[in-house]
Amino acid sequence: MIDQLYQDIILDHYKHPHGRGLREPFGGEAHHVNPTCGDEITMRVAADGGTLADVSYDGVGCSISQASASVLYELLQGRTADEAFQVHEAFVALMQSRGQIEPDEEVLGDGVAFAGVARYPARVKCALLPWMAFKDAAARAGVNVSVSVEETA
Amino acid sequence: MTFDVARVRADFPILDRKINGHPLVYLDSANTSQKPRQVLDAMREHQERHNGNVSRSVHTLGTESTTAYEDARAKVAAFIGAPSVDEIVFTKNSTEAINLVAYASAQLLSLGPGDEIVVSEMEHHSNLVPWQLLCQRTGATLRWFGVTDEGRLDESTLDDLVNERTKLVSIVHMSNILGTINDPARIVARAHEVGALVLLDCSQSVPHLPVSVVGLGADFIAFTGHKMLGPTGIGVLWGRSELLHAMPPFLAGGSTIETVTMAGTTFAPPPARFEGGTPPITQAIGLGAAVDYLTALGMENVHRHEQEITAYALKALADVPGVRIFGPATPEGRGGTVSFEVDGVHPHDVGQILDDLGVEVRVGHHCARPVCARFGVPAMTRASFYLYTTTDEIDALARGLEQVRKVFA
């Protein structure tokens, strides 16, 4: 069962993260922490019209949270707000599925490797940490990637 | 009496469990201890045969409950060598006990700007945050002892830190993260020399070693039941009688009063003054049974067993490549709580892989974030031992760490 959690894709992203490091310029930044374990992430979003021109991040944390940030970068970098919204929604739904959803690789790419994480309730927060920080950073950059943000904007 | 760990283990039903197909290896007793059948039976027996509210009923069940509740108080008093039973205040946990003293201190010590409260960098958040809040409320200043690279309290600044402005010093007796056992003698002497009070957070010491409040010389100690074989929901504040008498109630209500009119209230003497509302009766009785269990084994024997396990564990962990231990590297002046890191692997991942092998450890900042910051890590992995821990379990931990290294190689 533990192999489903620590899939090679996740370990690869953890050991060799994509797009890591905070970059300029950026339109919005958010810093999120997981108070129970001390994991931290800073996420920056640079928007160019309706496109996510750059997504950059830095943080400390476990393999799940750090690999999740790397996958997020791969999936959302250069995408339109609408596309990012779809991916974001699909990833959050997968994490909240308790392992009951078959993820769509077309939408989630390497993110499908996180299906196993959904079976470990204590680790779902780790996987979602970068995605929640991204949502806030995107909103601050003027890009809405979730229904709740759009409603309150 | 010789200490027989196999006989002790037979009293703990949960130790028969399997986790993910492996025998349970419970190495998280500093978080919460497991409970022996004797404690579980005492609580069930009370609920099934004697349940009534305490201190307010003339009927038989109420009287039996009151007697059992007060007997538990007497057992706890004897366990820590308290001069008087009335110096034992039952609380919900250590956190409430410390908050009680912090709340009452504003009035008791007439705190204001210029006064100082002293803690240490080694504290659990529950012995740090209440004092931060007290200082915010009163304008007093919070100061603290540092921690040395070896994980000891840095007492080199004692005479400067504890001075004529100091009103209260609140220090951990045994660190929940580094395992360090502090000898409070010099700090207590210095504090009393300048007229300051001393509270010791004994949450990790009372369960594991013989503790006498007279020997410690402190003015208050706080500890909790669930870390010493008792249930959750019951903690203890011990305070010197004259201080408790001078303190205002913290959570006021039924039981805390002497006379109430619509215009005002006079309050009962301690400990009732501090036990507002229906107390955790069954839990207090469970704690009393836990004290009986520990007393029958002898705290010297419990402590000696844990010292042996700790020495074995320190060596076993040091032998695993890439493992760095935080805190004292030898068993002298430390208890059976060992925190460490595995090079290149986050504690969350260490704990997850160990759990897959049935080994239950704590990961994270252990409610002592300043300690993690002091040692430059966001989190630590912690293995903590108790009277039921065996060397076989330490071997299982060491094997598990080899597996961790393999997965993250």
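Here the structure is a predicted model, which is why all the values come from computation and not from measurement.

Undergrad: Lay out the overall build of chain B with the relevant residues and their values.
TA: Of the regular secondary structure elements, chain B holds 14 helices and 17 strands. In terms of overall size, chain B behaves like a compact globule, its C-alpha atoms giving a radius of gyration of 22 Å where 409 residues would be expected to give roughly 22 Å. If you line up chain B on its principal axes, its C-alpha atoms span 70 × 55 × 35 Å. Within chain B, the fraction of its 409 residues that count as buried is 52%. Here the contacts in chain B between residues at least 6 apart in sequence split such that 70% fall between residues at least 24 apart.

Undergrad: Mind laying out the overall build of chain A, listing which residues take part and the relevant values?
TA: A tally of regular secondary structure across chain A gives 7 helices and 3 strands. Along the chain direction, N to C, the helices and strands of chain A fall in the order α-α-β-β-β-α-α-α-α-α. Considering chain A as a whole, with its 153 residues, one finds that 44% of them fall into the buried category. Across chain A, the fraction of contacts at a sequence separation of at least 24, relative to all contacts at a separation of at least 6, is 60%.

Undergrad: Describe the interface of chain B and chain A, with residues and values.
TA: Each side of the interface is counted separately: chain B has 14 residues, and chain A has 12 residues. Those elements that provide at least two residues to the side of chain B that touches chain A are helix H12 (347-356), strand E16 (362-364) and helix H13 (369-374) of chain B. Per element, the largest residue contribution to the side of chain B that touches chain A is 5 residues, and it comes from H12(B). Classifying every residue of the side of chain B that touches chain A gives 6 nonpolar, 5 polar and 3 charged.

Undergrad: Requested: an account of the sheet that holds strand E9 (residues 220-224) of chain B, with residues and values cited.
TA: Residues and elements named next belong to chain B. On the basis of which strands lie adjacent, the open sheet formed by 7 strands has the order E4-E10-E9-E8-E7-E5-E6 and mixed pairing. Each of the sheet's edge strands pairs with one partner strand only, and the pair in question is strand E4 (88-91) and strand E6 (141-145). In this sheet, neighbouring strand axes are inclined to one another by 20° on average, regardless of whether the strands run parallel or antiparallel. Where helix H7 (residues 185-193) meets the sheet, it contacts strand E7 (166-172) and strand E8 (197-201), and its direction lies at approximately 165° from that of E7.

Undergrad: Kindly report on the sheet that holds strand E13 (residues 323-326) of chain B, identifying the contributing residues and their values.
TA: Through backbone hydrogen bonds, the strands of a sheet pair up, either in parallel or in antiparallel fashion. All names here are of chain B. One open sheet holds the 4 strands; their spatial order is E13-E14-E17-E16, and the pairing between them is antiparallel. Because the sheet does not close on itself, it has two edges, and the strands there are E13 and E16. Sheet twist, expressed as the average angle between the axes of neighbouring strands with direction ignored, equals 30°. Bridge count between E16 and strand E17 (residues 380-384): 3 bridges; the pairing is antiparallel. By the bridge assignment, Gly364 is partnered in E17 with Met380. Helix H11 (residues 299-318) contacts E13, strand E14 (337-342) and E17 of the sheet and is inclined by roughly 5° relative to E14. Along the sheet, H12 contacts E14, E16 and E17; its crossing angle with E16, the most-contacted strand, is approximately 160°.

Undergrad: Can you lay out the domain arrangement of chain B for me, pointing to particular residues and giving the numbers?
TA: Residue and element names in this part refer to chain B. Here chain B is partitioned into domain 1 (5-30 + 298-407) and domain 2 (40-295). In this structure, domain 1 and domain 2 have C-alpha centres spaced 28 Å apart. Tallying the contact residues gives 24 residues for domain 1 and 23 residues for domain 2. Of all the secondary-structure elements, those providing two or more residues to the side of domain 1 that touches domain 2 are H11, E14, H13 and E17.

Undergrad: Give a description of the nonpolar core that names residues and reports values.
TA: Buried together is how nonpolar side chains tend to be arranged in soluble globular proteins. Judged by nonpolar contacts, the single largest core of 119 residues is most densely connected at Leu199(B) and Ile221(B). If you tally residues by element for this core, the top one is helix H10 (residues 281-297) of chain B, at 9 residues. Each of domain 1 (5-30 + 298-407) and domain 2 (40-295) of chain B contributes no fewer than three residues to this core. Those residues in contact with Ile221(B) that lie beyond four places of it in its chain are Leu200(B), Cys202(B), Val213(B), Leu216(B) and Trp238(B). Of all hydrophobic cores here, the second largest spans 46 residues; its members include Tyr57(A), Cys62(A), Leu94(A) and Met95(A).

Undergrad: How would you summarise the pairing of strand E3 (residues 51-60) of chain A if you had to cite specific residues and measurements?
TA: All names here are of chain A. Bridge count between strand E2 (residues 39-48) and E3: 9 bridges; the pairing is antiparallel. Bridge pairing in E3 links Ala46 to Asp54. In this antiparallel pair of consecutive strands, E2 and E3, the connection spans 2 residues, and Gly49 shows a positive phi of 60°.

Undergrad: Tell me about the environment of Leu27(B), residues and numbers included.
TA: Residue and element names in this part refer to chain B. Checked against the element boundaries, Leu27 lands in the loop between strand E3 (25-26) and helix H2 (37-50). Residues Leu27 and Ala218, spaced 191 residues apart in sequence, show a C-alpha to C-alpha distance of 30 Å. Dropping the residues within four chain positions of it, Leu27 is found in contact with Val359, Glu360, Val361, Ala383, Ser384, Phe385, Glu393 and Leu397.

Undergrad: So, the confidence of the model for chain A: which residues are in play, and what are the values?
TA: Residue and element names in this part refer to chain A. On average, chain A scores 89 in pLDDT, and the residues at 70 or more come to 94%. Of all helices and strands in chain A, the one with the weakest mean pLDDT is helix H7 (residues 147-152) (42), whereas helix H3 (residues 63-76) scores best (96). Below a pLDDT of 50 lies the segment residues 148-153, which in the model reaches 5 contacts outside its immediate sequence neighbourhood of four places, other chains included.

Undergrad: A description of the packing of H12(B) against helix H14 (residues 391-407) of chain B should follow, citing residues and the corresponding values.
TA: Two numbers describe a pair of packed helices, the interaxial angle and the distance between the axes. All names here are of chain B. For the pair H12 and H14, the least separation of the axes is 9 Å and the interaxial angle reads 120°. Between H12 and H14, the interaxial angle falls into the category oblique. As for the relative orientation of H12 and H14, their crossing is right-handed in sense. On the side of H12, the interface is formed by Val350, Ile353 and Leu354, while H14 contributes Gly400, Gln403, Val404 and Val407. Considered class by class, the residues forming the contact of H12 with H14 number 5 nonpolar, 2 polar and no charged.

Undergrad: Go over unusual backbone geometry, please, and point to the residues and values.
TA: Here the residue pair Glu24(A) and Pro25(A) is connected by a cis peptide bond, since its omega of -10° sits within 30 degrees of zero. For Pro25(A), the location among the structural elements is in the loop between helix H2 (8-15) and strand E1 (28-34). Along the chain, Pro270(B) connects to Pro271(B) via a cis peptide bond; the corresponding omega equals 0°. Residue placement: Pro271(B) occurs in the loop between strand E12 (265-267) and H10. Its identity is not glycine, yet Arg98(A) carries a phi of approximately 55°, on the positive side. Following the sequence through the fold, Arg98(A) ends up in the loop between helix H4 (81-95) and helix H5 (105-108). Of note in the backbone geometry, Leu229(B) takes a positive phi value of approximately 80° without being a glycine. Here Leu229(B) falls in the buried class, since 27 other C-beta atoms lie within 10 Å of it.

Thresholds applied
- Residues numbered from 1 in each chain as written.
- Chains lettered and ligands numbered in written order.
- Predicted model: local features only at pLDDT ≥ 70, side-chain atom pairs only at ≥ 80, totals over all residues.
- Helix = DSSP H or I, 4+ residues; strand = E, 2+ residues; numbered from the N terminus.
- Rg over C-alpha atoms; globule rule 2.2 N^0.38 Å.
- Buried ≥ 20, exposed ≤ 12 C-beta atoms within 10 Å, placed from the backbone.
- Contact = placed C-beta atoms within 7 Å.
- Nonpolar A, V, L, I, M, F, W, Y, C, P; charged D, E, K, R; others polar.
- Pairing = 2+ DSSP bridges.
- Axes fitted to C-alpha atoms, helices over the stretch in contact; angles between N-to-C directions.
- Domains from an automatic or database assignment.
- Core = buried A, V, L, I, M, F, W, Y, C linked by C-beta atoms within 7 Å.
- pLDDT = per-residue confidence, 0-100.
- Parallel < 35°, antiparallel > 145°, perpendicular 65-115°, else oblique.
- Left-handed = near helix turned anticlockwise from the far one by under 90°.

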